[in-house]
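# Working through the structure, step by step
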Amino acid sequence: MENDSYIHTVLPGKPGSPLLFVFHGTGGDERQLVSLGRDLMPGATIVSPRGDVSEMGAARFFRRTGEGVYDMDDLARATDKMKAFVHKQIEAGKPSAVLGLGYSNGANILASVVFAAPDLFDGAVLMHPLIPFDPKVAGSLSGKAMLVTAGRRDPICPPQMTSRLESYLRASGADVTVEWHEGGHELRPAEIEAARQLLGRWTDGKGRGTA
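For clarity, every value in this text was computed on a predicted model and none was experimentally measured.

Conventions used here
- Residues numbered from 1 in each chain as written.
- Predicted model: local features only at pLDDT ≥ 70, side-chain atom pairs only at ≥ 80, totals over all residues.
- Heavy atoms only, no water.
- Helix = DSSP H or I, 4+ residues; strand = E, 2+ residues; numbered from the N terminus.
- Rg over C-alpha atoms; globule rule 2.2 N^0.38 Å.
- Buried < 20%, exposed > 50% of the residue type's maximum accessible area, 1.4 Å probe, protein only.
- Contact = heavy atoms within 4.5 Å.
- Areas by Shrake-Rupley, 256 points an atom, 1.4 Å probe, with all protein chains shown as cover.
- Lys, Arg positive; Asp, Glu negative; His and termini not counted.
- Charge placed at Lys NZ, Arg CZ, Asp CG, Glu CD.
- Core = buried A, V, L, I, M, F, W, Y, C linked by side-chain atoms within 4.5 Å.
- 1 Å grid on protein atoms, 1.4 Å probe; cavity = no way out; pocket = protein on both sides within 12 Å on 5 of 7 lines; lining within 4 Å.
- Points joined across faces, edges and corners; volume = space filled by probe spheres on them.
- Nonpolar A, V, L, I, M, F, W, Y, C, P; charged D, E, K, R; others polar.

Along its length, the protein carries five helices and eleven strands. Computed over the C-alpha atoms, the radius of gyration of the protein is 16 Å, within 12% of the 17 Å expected from 2.2 N^0.38 for a compact globule of 211 residues. The buried share of the protein, taken over its 211 residues, is 52%. Within the protein, contacts between residues at least 6 apart in sequence are counted, and of these 69% link residues at least 24 apart. For the protein, the computed accessible surface area is about 9,100 Å², with 52% contributed by carbon and sulfur atoms. Across the protein, the 23 positively charged side chains and the 25 negatively charged ones have centroids separated by 3 Å.

Structure below.
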């Protein structure tokens with residue numbers, strides 16, 4: 001597509017290393033998760049785009065009309081744009097594996113891209129996602145390693161929505177792990193450690209599709 005670029009940060013990794021995309025939450029920017037990405041995958045190339053939608057000055061990846069109410073047309077636009085951006089970065093870097101990690105709104109756009117293009121990512125970490133619609137997976141997620149993290153008292157992402165997402169992912173063939181904590185929408189150490197363990201499958205030089 002013509003406009004497939006985002007303001008973004010790239011932290012180069014070792015030659016032939018995995019490529020890790022990190023997607024910030026509402027109000028974050030391209031710097032929010034790069035340090036976490038580097039900590040979780042020290043040798044990887046980290047790519048962090050900034051959402052191109054402003055909600056009262058807060059950056060997001062797609063528009064919404066209320067809390068948990070998405071502008072589905074804009075989500076479709078954003079998904080197509082992000083697919084093109086990710087593909088372009090993959091073509092330029094020729095990585096050994098392609099991983100994604102997103103928090104909140106960033107987890108939502110990552111999930112939407114995974115649904116639309118299952119072959120694009122080898123694995124994904126969805127931290128506090130909210131998917132208030134029935135996903136349509138364009139193919140199969142068979143063999144894809146996916147981690148979903150959530151808080152049992154999250155006022156933004158109710159536990160039942162997380163459980164529903166887990167069911168969707170499993171029904172599509174994904175290898176899903178869910179990490180719960182007893183708090184709300186905040187990130188806690190246990191879920192970061194769970195992300196480290198999942199992404200660690202690709203830190204020993206394994207290539208695409210071998211995790």
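Inspection of the secondary structure assignment puts Gly173 in the loop between helix H4 (159–171) and strand S11 (175–181). In this structure, the C-alpha to C-alpha distance between Gly173 and Gly51, residues 122 residues apart in sequence, is 29 Å. Not counting residues up to four positions away in its chain, the partners in contact with Gly173 are Leu141, Ser142 and Gly143.

Of note in this structure, Met56 is not a glycine but carries a positive phi near 55°. Positionally, Met56 belongs in the loop between strand S4 (53–55) and strand S5 (58–60).

Here the focus is the nonpolar core. Counting residues in each nonpolar core, the largest one holds 39 residues, and the members touching the most others are Phe21, Met82, Phe121 and Leu169. Every element with two or more residues in this core is listed here: strand S2 (19–23), helix H2 (72–93), helix H3 (105–116), strand S9 (123–127), strand S10 (145–151), H4 and S11. By residue number, the principal contributor to this core is H3, which donates seven residues. Beyond its immediate chain neighbours, meaning those up to four positions away, Met82 contacts Tyr6, Phe23, Pro49, Phe61, Ile109 and Val113. Core analysis: the second largest hydrophobic core is formed by 22 residues, Val34, Met41, Ala97 and Leu101 among them.

Taken as a whole, the largest pocket spans an internal volume of roughly 150 Å³. Lining the largest pocket are twelve residues; nearest its centre among them are Ser17, Pro18, Gly43, Trp202 and Thr203. For the lining of the largest pocket, the per-class residue count stands at five nonpolar, six polar and one charged.

Okay, empty space enclosed by the protein next. Per the stated rule, a full pass over the model turns up one cavity of 30 Å³ or more. When its volume is computed, the largest cavity comes out at roughly 40 Å³. Along its surface, the largest cavity is lined by Val114, Pro118, Phe121, Asp122, Gly123, Ala124, Lys144 and Met146. Classifying every residue of the lining of the largest cavity gives five nonpolar, one polar and two charged.

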